[in-house]
Amino acid sequence: MNPVRKESVLKLESAKKPSFIEIDVESSKQKQSRKSTFPIVGIGVSAGSLEGLRILLKALPSRTGMAFVLVQDLDPVNDVLLPTTLSKDIGMPVSEVAGRTTIHPNSVYIINPEVNVALASGVLHVVTRGLSTKPSMPIDRFFRTLANDRGPSAIGVLLADKGNDGTDGLEAIHAAGGITFARASARSSEMPKQLIESGYVDFVLPPEHMASELMRIKEHVQIQATAFFRDAALLEALKKALSS
C-alpha cells in the first residue's frame, strides 16, 4: 500500500472511532444504597400543641415506613415531653436523643428542649446551646438541617400554634422539595397569618387528619426522593469523569 494512502486510511479510522466518557456506575449505585430515602418527619411542638401531637401519633400505624423527630420549643422545667408518657399512646418505639443517633424508620425520637439538634447523613447530632439572649429557635434549626440532608424526603409538621419558631424551617423544607404541614385548629389565630398565605405550606390540617394524609403521600415522597438521590449520584459520577 502507498504510504500516503495508508496514512489517510489510519486518519479516517481514527476519526470514525466514537469518543465517550466512562462513568463509574457501580460507584454511583453504592453511594445511592448508602443514602436511605425513607421519609423523615420533623414535628415542631410548643406547650399548647402537646395534645395535638398525641392525637397525631396515636392515629398512625406502628409500621409507617417513616421516622419521626419531635423538636420541642417548651419550658424545660414545666413542659418536658417524656418518652415514657408518649409511648403509652402509640405503637412505635419512642426514645430521647442524648447523643449521636442514627435514625431508623418506624421510630419516634424526642429532642430535649434544653438542646438543639442537627441532622447529617441520617444521623442526629445534639448541639449544646451557648449563652445567648436571643431565642434559640430549635424547630427552625432542625427543619433547616432536615431539608439539607433529606431534600424531597423531608417532611415538616408545625403543630406549634404560637410564635415564629418553625416558620423559616418550613420554608427551607418546601424549597428543598419536601412536604410541609401546618396545624389548623380553633386556636390557630395565634399562628402568623403569613405562614398559611405564604405558599410554602402544602397542607393546613387539624392533627387528627394529618396521620391519614402522611400515610397517603408516603409512597409518593419515597419515589420522588429515590429519583432525586439517584440523579444526584449520577451527576456526581459525571462530574468526576469530566474532571479526570
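Source: prediction; values computed, not measured. (Residues numbered from 1 in each chain as written. Predicted model: local features only at pLDDT ≥ 70, side-chain atom pairs only at ≥ 80, totals over all residues. Heavy atoms only, no water.)

Caption draft 1: How the structure looks around the nonpolar core. Among the nonpolar cores identified, the biggest contains 28 residues, and Ile43, Phe68, Ile155, Val157 and Phe181 are the most heavily contacted of them. Sorting the residues of this core by element identifies strand S1 (40-46), helix H3 (50-58), strand S2 (67-73), strand S5 (107-111), strand S8 (154-158), strand S9 (179-183) and helix H8 (207-243) as the ones contributing at least two each. Looking at which element gives the most residues to this core, the answer is H8, with 5 residues. Ignoring sequence-local partners within four residues, the contact set of Phe181 consists of Ile155, Gly156, Val157, Leu158, Leu170, Val201, Phe203, Leu205, Met210, Glu213, Leu214 and Ile217. (Core = buried A, V, L, I, M, F, W, Y, C linked by side-chain atoms within 4.5 Å. Buried < 20%, exposed > 50% of the residue type's maximum accessible area, 1.4 Å probe, protein only. Helix = DSSP H or I, 4+ residues; strand = E, 2+ residues; numbered from the N terminus. Contact = heavy atoms within 4.5 Å.)

Caption draft 2: Structural detail: the packing of aromatic side chains. Taken as a whole, this structure holds 1 aromatic pair when the rule is applied. Their ring planes at 20° and their centres at 4.9 Å tell us that Phe181 and Phe203 sit as a pair that is stacked. Of the two residues, Phe181 sits in strand S9 while Phe203 sits in strand S10 (residues 203-205), which places them 22 residues apart along the sequence. (Phe/Tyr/Trp six-rings, centres within 6.5 Å; stacked < 30°, edge-to-face > 60°.)

Caption draft 3: Looking closely at the packing of helix H5 (residues 138-150) against helix H6 (residues 167-175). Between H5 and H6, the shortest axis-to-axis distance is 7 Å and the interhelical angle comes to 5°. Between H5 and H6, the interaxial angle falls into the category roughly parallel. Between H5 and H6, the contacting residues are Asp140, Phe143, Arg144, Leu146 and Ala147 on the first element and Thr167, Asp168, Gly169, Leu170, Ala172 and Ile173 on the second. (Axes fitted to C-alpha atoms, helices over the stretch in contact; angles between N-to-C directions. Parallel < 35°, antiparallel > 145°, perpendicular 65-115°, else oblique.)

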